[in-house]
Amino acid sequence: MKIPAKGFTHGGKFHADDVFSTALLQILRPDIQITRGFTVPDDFDGIVYDVGGGMFDHHSEPRETRPNGVPYAAFGLLWRVLGAQLVGEHQARLLDENFIQPLDLNDNTGEQNSLADAIGSFNPLWDSKDDPDACFWRAVPVARQILENEIAAANAVNRADDTVRQAYANMRDGIVVLPAYMPWKNGLYKTDAIFVVYPSQRGGYSAQCVNDHRTKRSKQPFPVAWAGKPEEQLRKISGLGLRFCHPSRFLITADDKAACYHEHKLCVDRDAVRLPALKLEIVGILGEDGKTKPAENYQRHYRSRYYQRHPVAVQAAQTGRESGVAKGADRMKHGEIDRPQERLPI
């Protein structure tokens, strides 16, 4: 859609809806001249939004509603037509879901939204003599900067996707190694990746757990014993060059990539042997203190209460050799033996 040289929206009190709509039109056509008023002139030649009952007004019945039930406001109606040319179809849909729909919902229902409240705070106070139009034009640059940031972030994801997909193609042991920090969640959504390793912006390397797209939780959190520990204590209990482990156990930082990669190979818990595509061999046990212990003495006791209560370190079984534990996991996969009833304390 080509943006005309003129636009018209309602006057008086403004909301995030008409402010962000104006910002969007300015991004697409910086020289657009926007007029505010209460009645659209009969001879107006331009785009009209949030007023006038046209294509980009949402105040007349029947109102348009998204498939998920969220009604459109002017911002959403404009974005539906114009968003893809700024960020592509996929990112336009995600931006609508995560950024625009909450604002549309606020405008249509009064649903609490902090960003909408912040934009609304630019309105004149009830006993103020400030000009509403002047206040509106103070709010628009703020909304425009926020929207430009969102658009830039969406396009950054688009640029990163090819690199992330290539790194995923080279994944080993569920670990994806990236050449630099970049947005990776979009590229690894619904994949079998478990961890992501990348150079930290603060030096050294960072590693994050990949969330399960259904539960929105980490597929494999880092050990409880590491969570929130001071660096000196963390290095001691892990036996690795770790600097930090987030209390929520989804992020660690380390001295180098090798430490991050080694940590991940030790951190796949006992539930990992249930994954259908893996042939796994127990090589160590992560104790409650976070230290790895040799597993030779436990190879015959996979079903023991010890294994049911403690994470174990696993690695892919070597070609041509499959441990009894891996065979047992394969039998569990096919329902030949019962699964342990107790889950790990993770």
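Per chain, residues are indexed from 1 in the order of the written sequence. Two thresholds apply to this predicted model, a pLDDT of at least 70 for residue-level local features and 80 or more for giving and counting side-chain atom pairs, whereas whole-chain, interface and lining totals are computed over all residues. For the side-chain quantities, the full set of heavy atoms in the structure was used; hydrogens and water were omitted.

K.L.:
Even after reading the chapter, I still don't get the side chain of Asn108, so can you show me in this structure?
P.N.:
On the secondary structure map, Asn108 appears in helix α4 (residues 89–109). Within 3.5 Å is the distance limit for a polar contact, defined as a pair of N or O atoms, with the added protein rule that one can donate a hydrogen and the other accept it, and that residues adjacent in sequence qualify only through two side-chain atoms. A distance of 3.5 Å separates the side chain of Asn108 from the backbone oxygen of Pro71, its partner in a polar contact. Among all residues touching Asn108, those that are not within four sequence positions of it are His58, Arg63, Pro71, Tyr72 and Ala73. Helix and strand assignments come from DSSP, with helices taken as H or I runs of at least 4 residues and strands as E runs of at least 2, each series counted from the N terminus. Every residue pair with non-hydrogen atoms within 4.5 Å of one another is taken to be in contact.

K.L.:
Where do I start with unusual backbone geometry in this structure?
P.N.:
A cis geometry characterises the amide bond from Glu61 onward to Pro62, with omega recorded as -5 degrees. By the secondary structure assignment, Pro62 is in the loop between β3 (47–48) and α2 (74–82). Its identity is not glycine, yet Asp50 carries a phi of approximately 65 degrees, on the positive side. Counting through the fold element by element, Asp50 comes out in the loop between β3 and α2. Exposure is judged per residue with a 1.4 Å probe applied to protein chains only, and the accessible area is read against the type maximum: over 50% gives exposed, under 20% gives buried, and values in between give partly exposed. Looking at Asp50, the relative accessible area reads 4%, which means it is buried. If you check the backbone angles, Lys216 has positive phi at about 65 degrees while not being a glycine. Relative to the helices and strands, Lys216 is located in the loop between β6 (205–209) and α8 (231–238). In this structure Lys216 comes out as exposed when scored by relative accessible area, which is 54%.

K.L.:
Can you help me understand the packing of α4 against helix α6 (residues 132–169) in this one?
P.N.:
Packed helix pairs are specified by the crossing angle of their axes together with the interaxial distance, meaning the distance between the axes. Only the stretch in contact is used when a helix axis is fitted, and all axes are lines through C-alpha atoms; the angle between N-to-C directions ranges over 0 to 180 degrees. Contact geometry for α4 and α6: axes closest at 10 Å, N-to-C directions at 135 degrees. Between α4 and α6, the angle falls in the class oblique. Crossing of α4 over α6 shows right-handed handedness. Contact residues: Gln91, Leu95 and Phe99 in α4; Ile146, Leu147, Glu150, Ala154, Val157 and Asn158 in α6. Grouping the constituent residues of the contact of α4 with α6 by class yields 6 nonpolar, 2 polar and 1 charged. When an angle is under 35 degrees it counts as roughly parallel; over 145 it counts as roughly antiparallel; between 65 and 115 it counts as roughly perpendicular; any other value is oblique. Here a crossing is called left-handed whenever its near helix is offset anticlockwise from the far helix by less than a right angle, and right-handed whenever the offset is clockwise. For this classification, Asp, Glu, Lys and Arg are treated as charged, while Ala, Val, Leu, Ile, Met, Phe, Trp, Tyr, Cys and Pro are nonpolar and the rest, including Gly, are polar.

K.L.:
What am I meant to see in the packing of aromatic side chains here?
P.N.:
The geometry of an aromatic ring pair is captured by the separation of the ring centres together with the interplanar angle, meaning the angle of the planes. The pairing test for Phe, Tyr and Trp rings, Trp by its six-membered ring, is centres within 6.5 Å, and the orientation test on the planes gives stacked under 30 degrees, edge-to-face over 60, and tilted for anything in between. Per the stated rule, a full pass over the model turns up 8 aromatic pairs. Where Phe195 meets Phe222, the ring centres are 5.6 Å apart and the plane angle is 20 degrees; that geometry is what we call stacked. Residue Phe195 is found in strand β5 (residues 195–199), and its partner Phe222 is found in the loop between β6 and α8; the two are separated by 27 residues along the sequence. The pair Phe195 / Phe222 is uniform in exposure class, with both members buried. Above the plane of the ring of Phe136 lies Arg36, whose end atom (NZ or CZ) is 4.3 Å from the centre. Criterion for a charge above a ring: Lys NZ or Arg CZ within 6 Å of the ring centre, and within 35 degrees of the ring normal.

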